[in-house]
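Residue-level structure breakdown
Given next are the chains, with one letter for each unit.
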Amino acid sequence: MSALKIKKGTSRHSAYDLRDPHAETEERHTLAVVVDNEAGVLARVIGLFSGRGYNIESLTVAETDHTGHVSRITVVTTGTPSVIEQIKAQLGRLVPVHDVHDLTVEGASVERELALFKVSGNGNDRIESLRLAEIFRANVVDSTLESFVFEMTGTPQKIDAFAELMRPLGLVEMARTGVAALSRGMD
Amino acid sequence: MTRQMTGAKMVVQALKDQGVDTVFGYPGGAVLPIYDEIFLQNDIRHYLVRHEQGAVHAAEGYARSTGKPGVVLVTSGPGATNAVTGLTDALMDSIPIVVLTGQVPTFLIGTDGFQEADTVGITRPCTKHNWLVKDPEDLSGRIHQAFHVATNGRPGPVLVDIPKDVQFATGTYTPPEKARTLHYQPKTKGDPEAIEALVELIEQAERPIFYTGGGVINSGPEASETLREFVDTSGFPITSTLMGLGAYPANGKNWLGMLGMHGLYEANLAMHGCDLMINVGARFDDRITGRVQDFSPKSQKVHIDIDPSSINKVIHVDLPIVGDVGSVLADALILWKSRGSKTRADSIQKWWYQIKEWKKVDCLAFTQSKKTIKPQHALTRLEALTKDHPKRYICTEVGQHQMWAAQFLGFNEPNRWMTSGGLGTMGYGFPASIGVQVAHPDALVINVAGEASWLMNMQEMGTAVQFRLPVKQFILNNERLGMVRQWQELLHGERYSHSWSEALPDFVKLAEAFGAKGIMISDPADLDDAIMEMLEYDGPVIFDCLVEKHENCFPMIPSGEAHNKMLLGEGAPTQDVIGTSGAVLV
Ligand SMILES: Cc1cc2nc3c(=O)[nH]c(=O)nc-3n(C[C@H](O)[C@H](O)[C@H](O)COP(=O)(O)OP(=O)(O)OC[C@H]3O[C@@H](n4cnc5c(N)ncnc54)[C@H](O)[C@@H]3O)c2cc1C
Ligand SMILES: Cc1ncc(C[n+]2csc(CCOP(=O)(O)OP(=O)(O)O)c2C)c(N)n1
């Protein structure tokens, strides 16, 4: 057994980064999937996740290159390292998929999400919600005497935190776009 | 050289330009314009099946036995839904086929139109890719792309859904070389560093084994040639999955036989005890690995596969090589030879002593009977009487007979063995045999069947007779859903819940009713003569071979167990051998 050693770095060029497959801790990964914008491509990606039992925490999609008909799907998913590797490989073999980027491992990246919050109330609660909105740099995009709609862009965590604070102050409805993400730097 | 023509004509033109001369199909309202075009030409021969599932399996048999993609044409709605089982089967077994379906006209889509079904929606998870074509300008290009996708990378089924108004409309025909190339261009060449690492492992290994699979067959006959040279010059033992039989010849000196749940004792123990496992185009299916935690615990594992998602899916490997089997093996062989074709010959000789000890167990032994035909005996005689036929092709249905066929028939060439492995589709074998016979008119095509499976697509007798396809239906009739019955014996306290084949037809009369020949046999003494009668008859035959009813298929690794926990033949304990955690893996 000991005679059989594989040179270090051999699988460098393979499709895999071989991390400990037995580590059973769940990780959260943000994947950017660049696809041909053909009919049904979103259904295909979602079907892959549901059919193989993978998680989708958030998913956003839009055409990013109108002339090339290329769309970018940003999926936030959770799973053990080996499941994440499978997800990437499964996405990668779909015919309309050009590239799968794992922004979580490919260096630093920025993640943003946009959310709208409807908060209704009066008196102190109303003043407090406006004060917190300022701290969080949320904008008021609609207002009545008894309600506000706040708009906020930020990381999912920041949006979660703001929502928690708004709940006791009269949060009645909330809409989120899901995560959009890009790697930092030149490319 | 652009040409204007109707969508229906484009379909036929595109098929011709793709080199297609054979189509399996069944007409209906939504494909009538295409059928009209088929009527008006002679280059493409259309085979009318009796059920769309049959068309797809026939195309699979055609594809697997020729290496060329199989083509299917069916109508919308029920035509398309009937094709779903075949599509799933082809997806699981990586068989290249192109299925064209008719669809209601574009302006009726979404209105629950007559015979409307969301075909691309229904077939999305059971095709490698599919498209609905709404614009006649896109039609021919899509068909060319369908062939590209079906046959490149890991092969699989591709479906093109064509609304009826698109078939009538006029558009520009795009020839194959002008079709837009897809981004989909899988890599076939293996990473040189990884190949070098493989060669180093080969040079150092003391207890190596080649574990080969369907990928070698998919890669083409040259891959089998290279594999044979590699195996023979290295002297390494080789085993194969059900799907890879024939890549290395069964009469080759290094052949250990099939591995897996019903594989040979020596093959499974060699997999368990090896120090180097070279997986060549196989996918660590659960019929192979058994208990994953105990799978070949002491080996370094190399995996050559064209599909990155096959790697590390089930078993973590030490050295992944993404690429085409033929290309990777050729590169590795050249490098290994250029470094002097070294192996640890002494250690490997010891390894062979060990393997020969395992072989002595004679795991396929069965008790003969003078009164009833043992299914294993029937296959032994079939093998003896047909193995020298230069063009013998074997198909199977699914069940015990399938496993016995894999154990008792020898395959010395690739593409001679057609079986439903991944999906395990009862009803696959008969239509597949039709597809094989269509592709090889002068070959001997035998479908080894169980009576229950065979009944699932028996309507294809009409096809066989109409097109004078002399397929031999070799039915091992145990009047049981034998494989299910075996599991009930082992797992469910011999409570044989609904595993009987009741009210079976008289197969001889059935054959005659279709205008074919029927032979019924139950006495072992008459077996050879009956087989000869089947072989000599120039036309389709139903061979109803009444066999032992409660024979079990051994060896067997109880599900959820490790390779070294095999159950051997007669006299092996059969009660309470499978734990409940294994029971779910059935
Ligand atoms: C009742 C029953 C019992 C069974 N028992 C057994 C058993 O005992 N033993 C057994 O072996 N099987 C058995 N099977 C079959 C089993 O279920 C699987 O179908 C089979 O083991 C899979 O074979 P494979 O690993 O060769 O993969 P395949 O399904 O043939 O897949 C081929 C692999 O090769 C890759 N590939 C394709 N083309 C290329 C290429 N050009 N280059 C490189 N790679 C390529 C693919 O990506 C894939 O990973 C049984 C089936 C049934 C129905
Ligand atoms: C379409 C389909 N339905 C059910 C099964 C489950 N199944 C596997 S083997 C088997 C029995 C097959 O009986 P038979 O064809 O007579 O073959 P035998 O096992 O007796 O050789 C069944 C029901 C299947 N594989 N395919």
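For clarity, every value in this text was computed on a predicted model and none was experimentally measured.

Rules used in this analysis
- Residues numbered from 1 in each chain as written.
- Chains lettered and ligands numbered in written order.
- Predicted model: local features only at pLDDT ≥ 70, side-chain atom pairs only at ≥ 80, totals over all residues.
- Heavy atoms only, no water.
- Helix = DSSP H or I, 4+ residues; strand = E, 2+ residues; numbered from the N terminus.
- Rg over C-alpha atoms; globule rule 2.2 N^0.38 Å.
- Buried < 20%, exposed > 50% of the residue type's maximum accessible area, 1.4 Å probe, protein only.
- Contact = heavy atoms within 4.5 Å.
- Areas by Shrake-Rupley, 256 points an atom, 1.4 Å probe, with all protein chains shown as cover.
- Domains from an automatic or database assignment.
- Buried area = accessible area lost by both parts, 1.4 Å probe.
- Pairing = 2+ DSSP bridges.
- Axes fitted to C-alpha atoms, helices over the stretch in contact; angles between N-to-C directions.
- Near = heavy atom within 4 Å.
- Polar contact = N/O pair within 3.5 Å; in protein donor to acceptor, adjacent residues only side chain to side chain.
- Salt bridge = Lys/Arg side-chain N within 4 Å of Asp/Glu carboxyl O.
- Expected span 1.5 Å × (residues − 1).
- Patch = residues over 30% accessible without salt bridge, like charges linked within 9 Å, V, L, I, M, F, W, Y side chains within 5 Å.
- Arc of directions from axis to C-beta.

Looking at the overall build of chain B
The helix and strand inventory of chain B stands at 24 helices and 20 strands. Against the 2.2 N^0.38 benchmark of 25 Å for 586 residues, chain B shows a C-alpha radius of gyration of 24 Å, consistent with a compact globule. Here the C-alpha coordinates of chain B stretch approximately 70 × 60 × 45 Å along the principal axes. Counting only residues that meet the buried cut, chain B has 62% of its 586 residues in that class. In chain B, 75% of the contacts between residues at least 6 apart in sequence involve partners at least 24 apart. Only carbon and sulfur atoms are counted for the fraction: they give 52% of the accessible area of chain B, which is about 21,400 Å².

Section: the overall build of chain A
In terms of helices and strands, chain A carries four helices and eight strands. N-terminal to C-terminal, the α/β element order of chain A is β-α-β-β-α-β-β-α-β-β-α-β. Classification of the 187 residues of chain A by burial places 41% in the buried group. Pairs at least 24 residues apart make up 71% of the contacts formed inside chain A by residues separated by at least 6 positions. Total accessible area computed for chain A in this model is approximately 10,000 Å², and 54% of it derives from carbon and sulfur atoms.

Remarks on the domain arrangement of chain A
Residues and elements named next belong to chain A. When cut into domains, chain A gives domain 1 (27-102) and domain 2 (109-183). Residue-level contacts link eight residues of domain 1 with eight residues of domain 2. When the two sides are added together, the surface that domain 1 and domain 2 hide from each other amounts to roughly 550 Å², 43% of it contributed by carbon and sulfur. The largest per-residue losses of area from domain 1 upon contact with domain 2 belong to Arg28, Thr60 and Arg72, which jointly make up 54% of the total buried on that side.

A few points about the sheet that holds strand 1 (residues 27-36) of chain A
Residues and elements named next belong to chain A. The antiparallel open sheet is built from four strands, whose spatial order is 2-3-1-4. Both edges of this open sheet fall to strand 2 (58-65) and strand 4 (97-102), since each of them pairs with a single strand only. Strand-to-strand, the axes of this sheet are offset by a mean angle of 20 degrees, without reference to chain direction. The sheet contacts of helix 1 (residues 41-51) involve strand 1, strand 2 and strand 3 (70-79), and relative to strand 3 the element is tilted by about 10 degrees.

As for the site of ligand 2
All names here are of chain B. Taken together, 17 residues surround ligand 2, and among them Gln400, His401, Gly424, Ser453 and Gly482 come closest. Note that an oxygen atom of ligand 2 is positioned 2.8 Å from one of the side-chain N or O atoms of histidine 401. In this structure, glycine 424 approaches ligand 2 through a main-chain N or O atom, which is 2.8 Å from a nitrogen atom. For ligand 2, whose free accessible area comes to 590 Å², the fraction covered by protein is 76%. For the shell around ligand 2, the secondary structure elements donating two or more residues are helix 17 (400-408), helix 19 (451-456) and helix 21 (482-491).

A closer look at the pattern of salt bridges
Per the stated rule, a full pass over the model turns up 28 salt bridges over all chains. The residue arginine 176 of chain A makes a salt bridge to aspartate 160 of chain A at a minimum N-O spacing of 2.7 Å. Separated by 16 residues along the polypeptide, arginine 176 of chain A in strand 8 (residues 171-183) and aspartate 160 of chain A in helix 4 (residues 156-166) bring together distant segments of the chain. Classification of aspartate 160 of chain A as partly exposed rests on a relative accessible area of 38%. The salt bridge partner of arginine 381 of chain B is aspartate 528 of chain B, with a shortest N-O separation of 2.8 Å. Taken together, the residues span a long stretch of sequence, with arginine 381 of chain B in helix 16 (residues 375-386) and aspartate 528 of chain B in helix 23 (residues 527-536) at a distance of 147 residues. Owing to a relative accessible area of 25%, aspartate 528 of chain B belongs among the partly exposed residues under this scheme.

Things to note about the side chain of glutamate 37 of chain B
Following the sequence through the fold, glutamate 37 of chain B ends up in helix 2 (residues 32-39). Contacts of glutamate 37 of chain B, omitting those with residues within four sequence positions, involve Thr6, Ala8, Lys9 and Val12 of chain B.

Thoughts on helix 14 (residues 325-338) of chain B
Residues and elements named next belong to chain B. For helix 14, which comprises 14 residues, the first-to-last C-alpha distance of 20 Å matches the rise-based estimate of 20 Å (1.5 Å per residue) to within 8%. Buried-residue contacts for helix 14 involve helix 9 (192-204), helix 10 (214-219), helix 11 (221-234), strand 12 (276-280), strand 13 (300-305) and strand 14 (319-322). Count one or two residues on from helix 14 and you reach glycine 340, which has phi positive near 100 degrees.

Quick notes on a nonpolar patch on the surface
Residue and element names in this part refer to chain A. There is a patch of nonpolar side chains on the surface, built from Leu114, Leu116 and Val141 and spanning about 220 Å² of accessible area. Structurally, leucine 116 is set in strand 5 (residues 109-120). Taking relative accessible area as the criterion, leucine 116 reaches 35% and is therefore assigned partly exposed.

Observations regarding helix 15 (residues 345-359) of chain B
All names here are of chain B. In this model, helix 15 (15 residues) spans 21 Å end to end at C-alpha, consistent with the 21 Å of a helix rising 1.5 Å per residue. Turning to helix 15, its buried residues are Ser347, Ile348, Trp351, Trp352, Ile355 and Trp358. End-on view of helix 15: buried residues confined to an arc of 145 degrees, all on one side of the axis. Exposed side chains of helix 15 directed beyond 90 degrees from the buried face belong to Asp346, Lys350 and Tyr353. Those residues of helix 15 hidden inside the fold are in contact with strand 9 (208-212), strand 11 (255-258) and helix 12 (265-273).

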